[in-house]
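# Structural overview for review
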Amino acid sequence: GQNIDQPTEMTATEGAIVQINCTYQTSGFNGLFWYQQHAGEAPTFLSYNVLDGLEEKGRFSSFLSRSKGYSYLLLKELQMKDSASYLCAVRDTTGGSYIPTFGRGTSLIVHP
Amino acid sequence: GAVVSQHPSRVICKSGTSVKIECRSLDFQATTMFWYRQFPKQSLMLMATSNEGSKATYEQGVEKDKFLINHASLTLSTLTVTSAHPEDSSFYICSARDGWTEAFFGQGTRLTVV
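Keep in mind the model is a prediction, meaning the values are calculated, not measured. (Residues numbered from 1 in each chain as written. Chains lettered and ligands numbered in written order. Predicted model: local features only at pLDDT ≥ 70, side-chain atom pairs only at ≥ 80, totals over all residues. Heavy atoms only, no water.)

Counting residues at the interface gives 17 residues for chain A, matched by 20 residues for chain B. With both chains or domains summed, chain A and chain B bury close to 1,400 Å², and 60% of this area falls on carbon and sulfur atoms. Across the chain A-chain B interface, the total number found is zero salt bridges. At the junction of chain A with chain B, the criterion picks out two residue pairs in polar contact (both at pLDDT 80 or more). Mapped by element, the contributors of at least two residues to the side of chain A that touches chain B are β4 (29-37), β9 (84-92) and β10 (99-102) of chain A. In terms of residue class, the side of chain A that touches chain B is made up of ten nonpolar, four polar and three charged. (Contact = heavy atoms within 4.5 Å. Buried area = accessible area lost by both parts, 1.4 Å probe. Salt bridge = Lys/Arg side-chain N within 4 Å of Asp/Glu carboxyl O. Polar contact = N/O pair within 3.5 Å; in protein donor to acceptor, adjacent residues only side chain to side chain. Helix = DSSP H or I, 4+ residues; strand = E, 2+ residues; numbered from the N terminus. Nonpolar A, V, L, I, M, F, W, Y, C, P; charged D, E, K, R; others polar.)

Here the residue pair His7 of chain B and Pro8 of chain B is connected by a cis peptide bond, since its omega of 0 degrees sits within 30 degrees of zero. Assignment of secondary structure puts Pro8 of chain B in the loop between β1 (4-7) and β2 (10-13). Positive phi, close to 45 degrees, is recorded for Glu77 of chain A, a residue that is not glycine. On the basis of relative accessible area, Glu77 of chain A is assigned to the exposed category, the value being 54%. One non-glycine residue, Ser83 of chain B, lies in positive phi territory at about 45 degrees. Take Ser83 of chain B: it is sitting in the loop between β8 (76-81) and β9 (90-97). Since its relative accessible area comes to 33%, Ser83 of chain B is described here as partly exposed. (Buried < 20%, exposed > 50% of the residue type's maximum accessible area, 1.4 Å probe, protein only.)

Structural data, given as structure tokens:
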């Protein structure tokens, strides 16, 4: 199984940059996902990392270090609509199931 | 990305009745579908994994006789909450995977049992 840890809540100012960290422990790592979830809605896919390094997609970037069991999601030029919960999920190969396990999510509050 | 449709988005039912939730992959064949439950301000908790044509694999602590999952085709999985009680009120979300791609989520179903 996995042990996924991410901060519970973060606040940031509109226009700024925020980094949301995620650490994990897993016996069979097979990829890390970041999702955005607005209250009362289903998660939407943001990024996927399976190799070390930085993946950039517009205002959002995601970084992975497999040796450190560490990832972060970087949000640039923050907008009010970015206020949401950000979920880190790790896919595990244990038992051949490749099932993603979700962290508790980080609630990001963007204020003017 | 791929589209996963979940229906209904909201349902209110009386205690003791059963509710069926559908999850469809609209533009791809989903070999695997996942069912999650999410309580307020908590993360997604995996309930079960279903593979087309075989029995679902339930996570520890999830009653398979209460949460019936059917994955009869590559585009449809259903979750039936049988004899629902107020404590079953939650946000239920399905996701579908096509081979090795990341799972895509349905819109979620807000179940309220009164």
